[in-house]
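Next come the chains, spelled out residue by residue.
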Amino acid sequence: MIERKIDRELVLKIIEREKQRLDNLSVFGGFSNFLSGWFTERGEGGDFYSLLLNYDNLTLEERSKLLQDMEEKLKSQSDDGDILKVSSPDLPSPEKEKSFSDGEGNLSTPVRYIKGVGPVLEKKLNRLEIKTAEDLIFFFPRYYRDRGEVKPISQLRGEGWETIQGVVTSQSRVATRRGPLLKIAVSDGTGKINLVCFNRNYLAKTLRKGVKVQVSGNFRRSFGNWEVADFDYQLVTKENHRWDRIIPIYSLTEGLSLKKLQSIIYYALDNFLGEVEEILPSSLVARHNFLPKRVAIEELHRPSRSSVAELNSRRSRAHLTIIFEEFLLFALSLKIRRQELADCEVPPCVSDSALVKNFLVQLPFTLTSAQERVVKEIHEDLVSGRLMNRLVQGDVGSGKTLVALLGALQVIDSGRQVAFMVPTEILAEQHYNRFKDLLSSLGVRVGLLKGGTNKEKKKLIEEIRKGEVDLVIGTHALIEENITFPQLGLTIVDEQHRFGVLQRAKLKEKASIPHLLVMTATPIPRTLALTLYGDLDISVVDEKPAGRKPVTTLCFSLKERFKAYNRVRKQIEEGRQAFVVCPAIEESEAEISNVVEVTELLRSSWLSGFRIEMIHGKLPSREKEEIMERFSRGDIDVLVATSVIEVGIDIPNASVMVIENAERFGLAQLHQLRGRIGRGEAAGLCILLAEARTEEARRRMEIMVATDDGFRIAEEDLRLRGPGEFYGVRQHGVPEFHLADPFEDWSILERANEEAKLILDEDPELKREENRLLKKEINRRFGRYLEFGEIS
Ligand code: ADP
Ligand code: MG
């Protein structure tokens, strides 16, 4: 027990060291390698595991957060707690719980009845969303590791995973400050290696002198000798000659080891795979050269015919087979949903709206031609008598709000209500004030719905219910609360990337189905848009209003702060207003600027004499409102804020922005932030104060300085971070697939889309016998995406 405790302390020590450096080099062989190996070995680290594997791609902030979390977790575990239970890696621990004998049960059998799974393990599996035998079968490996060919020790290269075979020649305990550390020497006649057994003292029993063993791992040179700490092994005996070169790597959770999970999955495969149905029509399987579904599943878990490279590229035949099927089902359900919506008849809106005309007359500028085009597209939807489902895409500042507002007016003029959803209260407030000014003279009744409870709000909800409010602006309070819109004609969702697909669906359930208009500043490639918004038409506002002065972007290091704020001072003296954005509200980490401190510093020194206020999420709404109002009236010179001002806020005279610790923000976010300035007459100035310690961070700053083009920035961001991160949609309502990934596998998605179209052209309601199982599966898996429930 004491030794184990020491091991954990060693790990804590290493985490401590890594916290100082954040460079993944705090331990020999790479910190993330080491720790993920340590976790895997004892089947823990569930939540951390995937982050660790991706450690190199994390920002410094994310790294330090991860380290903090792991440290807390490790410290909170008692000596005899979960974490220290180590089971032999080779033998699945025998479980006494009741299991059924082979051959009984079916795909929906709960995991607890599976051999080797007791209540404790069941809980762990549930954490991975594994509840039934079927879930086990469809719980696919995340990637595959190649153990490599067995090679002589003299030919080890020290790159990637390598495999050797030899005989244990000795064991030793090396004294370290943290206690004895087990080392096991293995020799093959051409050389010698040392197994460094962190927290694996049980190996002393298994790997005795004279035992023949095969070892795979990340071999490293240390003082002229080969060492390996991150390794797995297998004894070489007469019975045990099978050596799987490819190891499937699964997501794990605390207390569940790779070997254990693998053995349960194999059990499920051996007993239940036969019940998995082939749902693709056989003609289609043949045409695309897919594997039979069961063979494909087997191959993904126990590869025998694919190479690791093929598997990891996700383009093995097994991958293509399963991914295609998943996408096909999803594409079919979206197309069916789309058709259902298209079949919905709604009263057409007035075509010639006086309200729209009167509004345009008082507008101080004319629409850009891109705005005009999109307005026309929306107009046509609204008068068609069919439901509109439209996504409006356009870079920050392209004037999407106005486009949406014109659509809203047309609906209101037709006697119906409009719900306008925005992501933050500050933005709701701003829209409300602006719309009220523009619309009250036209007789349009505008309401602002906020979270919380009070009398005013009750009254508003009552007015909405009575149809006395035409346009309601709010955050997700609009869908969360039980509000009845008797005549809801249109729902507008601004800055869609903040809302998920499901929320959108929820809003629609409120009353009879309204038209839907979704706006986003995120450029989404067409194929992806098809998956994420497969039921939407797409309009693009690809032009910014004329006369915009460009925004100059400069990058200073934190040491040059004073110089930076001097430039800000000059701008304010010329009558401009400035935003200062900080990554944190209060002091959290030593090196991160926070709103409270920066406000003080600005007031007392750098920008003393000006009117400086702060705003952030922790202030009461009342206060936030008041400050935003004063800022937009020009009664405040400098507003120090968190990234709450990132979305939507529009204050034309605020033409200067300083972003503190800019390296802490992603490209998309920086672009959104910068989009707040350069909206008025004056040329904008954006100053990035950055301590770019990584190459990637430097690159981000360079891109921001070099271009203001949202699409270019999006492209670069994609390149730097990978699509899932950039679109921020992983967490937001992308439907769950077992294996398919809309970002990685979009080319397969494209094919599935085409195939779905062919199928529905021939058999729109999936009534044919060959499509029967397809329909059944669509209802089972994607029924909730269908507007009117399952298809019959
Ligand atoms: P976004 O597309 O980022 O939501 P907004 O709708 O907030 O952009 O518009 C940005 C600013 O441009 C607002 O101040 C708006 O009044 C102004 N604007 C919109 N359309 C035009 C136009 N055609 N000409 C001039 N200014 C415009
Ligand atoms: Mg906007």
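Presented here is an overview of the structure given in this document. Because the structure is a prediction, the values reported are computed rather than measured. (Residues numbered from 1 in each chain as written. Chains lettered and ligands numbered in written order. Predicted model: local features only at pLDDT ≥ 70, side-chain atom pairs only at ≥ 80, totals over all residues. Heavy atoms only, no water.)

1. Some details on the overall build of the protein
In terms of helices and strands, the protein carries 29 helices and 22 strands. In the protein, buried positions account for 54% of the 792 residues. Of the roughly 35100 Å² of accessible surface on the protein, 49% is carried by carbon and sulfur atoms. (Helix = DSSP H or I, 4+ residues; strand = E, 2+ residues; numbered from the N terminus. Buried < 20%, exposed > 50% of the residue type's maximum accessible area, 1.4 Å probe, protein only. Areas by Shrake-Rupley, 256 points an atom, 1.4 Å probe, with all protein chains shown as cover.)

2. Quick notes on the site of ligand 1
Taken together, 17 residues are adjacent to ligand 1, and Q371, G397, T401, R548 and D650 come closest. One of the side-chain N or O atoms of T401 is found 2.8 Å from an oxygen atom in ligand 1. With the chains in place, 86% of the 560 Å² that ligand 1 exposes on its own is no longer accessible. With 3 residues, the single largest contributor to the shell around ligand 1 is helix α15 (residues 400–413). Classifying every residue of the shell around ligand 1 by side-chain character gives 5 nonpolar, 7 polar and 5 charged. (Near = heavy atom within 4 Å. Polar contact = N/O pair within 3.5 Å; in protein donor to acceptor, adjacent residues only side chain to side chain. Nonpolar A, V, L, I, M, F, W, Y, C, P; charged D, E, K, R; others polar.)

3. Considering the sheet that holds strand β21 (residues 654–659)
Spatially, the 6 strands line up as an open sheet ordered β17-β22-β21-β18-β20-β19, and their pairing is parallel. Edge positions in the sheet fall to β17 (551–556) and β19 (612–615), since each has one partner strand and no second. Within this sheet the neighbouring strands show an average axis-to-axis angle of 20 degrees, counted without direction. In this sheet, β21 lies alongside strand β18 (residues 577–581) in parallel orientation, the contact comprising 5 bridges. Directly across from F579, in β21, lies its bridge partner M657. Across the face of the sheet, helix α23 (residues 621–633) comes into contact with β18, β19, β20 (638–641) and β21 while running at roughly 135 degrees to β19. With respect to the sheet, helix α24 (residues 667–674) is in contact with β17, β18, β21 and β22 (684–689), its orientation differing from that of β21 by roughly 150 degrees. (Pairing = 2+ DSSP bridges. Axes fitted to C-alpha atoms, helices over the stretch in contact; angles between N-to-C directions. Contact = heavy atoms within 4.5 Å.)

4. Some remarks on helix α12 (residues 317–342)
Under the 1.5 Å per step criterion, the end-to-end length of α12 is 36 Å for 26 residues, consistent within 8% with the ideal 38 Å. Counting buried positions along α12 yields 20 of 26 residues, so the element is predominantly enclosed. (Expected span 1.5 Å × (residues − 1).)

5. Quick word on the pattern of salt bridges
Applying the stated criterion to the full structure yields 46 salt bridges. Its salt-bridge partner being R302, residue D270 comes within 2.8 Å of it at the nearest N-O pair. Within this pair, whereas D270 is found in helix α8 (residues 258–272), its partner R302 is found in the loop between α10 (293–301) and α11 (308–312), the two being separated by 32 residues in sequence. Classification of D270 as exposed rests on a relative accessible area of 56%. The exposure class of R302 is partly exposed, given its relative accessible area of 21%. Between R390 and E377 there is a salt bridge, and its shortest N-O distance comes to 3.9 Å. Highlighted residues: R390 in strand β10 (residues 389–394) and E377 in helix α14 (residues 369–383), separated in sequence by 13 residues. (Salt bridge = Lys/Arg side-chain N within 4 Å of Asp/Glu carboxyl O.)

6. Considering α14
Here α14 spans 21 Å end to end across 15 residues, near enough to the 21 Å set by a 1.5 Å rise per residue. Turning to α14, its buried residues number three or more, namely A370, Q371, V374, I378, D381 and L382. Along the long axis of α14, the arc covered by the buried residues comes to 110 degrees, so they all point the same way. Summarising the contacts, the buried residues of α14 are in contact with β10, α15, β15 (515–520) and β16 (537–541). Of the residues one or two after α14, G385 is the one with positive phi, at around 85 degrees. (Arc of directions from axis to C-beta.)

7. Some words on the nonpolar core
L35, M70, I137, L261 and L328 are the most contacted members of the largest nonpolar core, which totals 88 residues. The contacts of M70, once residues within four sequence positions are left out, are I15, F31, L35, F39, F48 and L52. Among the nonpolar cores identified, the runner-up in size contains 70 residues, and C349, L448, L517 and I645 belong to it. (Core = buried A, V, L, I, M, F, W, Y, C linked by side-chain atoms within 4.5 Å.)

8. Considerations on the pairing of strand β8 (residues 231–235)
Counting buried residues in β8 gives 4 out of 5 residues, a clear majority hidden from the surface. Here strand β5 (residues 212–217) pairs with β8 via 5 bridges, running antiparallel. Paired with S216 across the strands is D232, a residue of β8.

9. Here we look at the sheet that holds β10
As summarised here, the arrangement of the 7 strands in space is β12-β13-β11-β14-β15-β10-β16, forming an open sheet in which the pairing is parallel. Each edge of the open sheet is held by one strand with a lone partner, namely β12 (446–449) and β16. When the angles between neighbouring strand axes are averaged without regard to direction, this sheet yields 20 degrees. Strand direction decides the pairing type here: strand β11 (residues 417–421) and strand β14 (residues 488–493), joined by 5 bridges, are parallel. The partner of A419 across the bridge, within β14, is T491.

10. Brief notes about the packing of α12 against helix α29 (residues 772–782)
For the pair α12 and α29, the least separation of the axes is 10 Å and the interaxial angle reads 80 degrees. Taken together, the axis directions place α12 and α29 in an arrangement best described as roughly perpendicular. For the pair α12 and α29, the contacting residues are E326, L328, L329, F330, L332, S333 and I336 in the first and L774, E777, I778, R781 and F782 in the second. Looking at the contact of α12 with α29 residue by residue, the class counts come to 8 nonpolar, 1 polar and 3 charged. (Parallel < 35°, antiparallel > 145°, perpendicular 65-115°, else oblique.)

11. Section: the packing of aromatic side chains
Taken as a whole and assessed by the stated rule, the structure comprises 9 aromatic pairs. Judged by centre distance (5.4 Å) and plane angle (90 degrees), the rings of F330 and F737 are edge-to-face. On the criterion of sequence distance, the pair formed by F330 in helix α12 and F737 in the loop between α27 (723–727) and α28 (746–762) is long-range, its members being 407 residues apart. Like F330, the residue F737 is buried in the burial classification. Following the ring pairs from residue to residue traces out a cluster consisting of F327, F330 and F737. Positioned over the ring face of F231 is R200, at 3.9 Å from the centre of the ring. The positively charged end of R302 is found above the aromatic ring belonging to Y266, 4.5 Å away from the centroid. (Phe/Tyr/Trp six-rings, centres within 6.5 Å; stacked < 30°, edge-to-face > 60°. Lys NZ or Arg CZ within 6 Å of the ring centre and 35° of its normal.)

12. A short note on the pairing of β12
Taking every second residue as pointing to the same face, both faces of β12 are buried, with V446 and L448 on one and G447 and L449 on the other. Here 4 bridges tie β12 to strand β13 (residues 471–474), and the two strands are oriented parallel to one another. Following the sheet pairing, V446 is matched in β13 by L471. In terms of handedness, the path from β12 via helix α17 (residues 455–465) over to β13 forms a crossover that is right-handed. (Right-handed = clockwise from strand over helix to strand, strands pointing away.)

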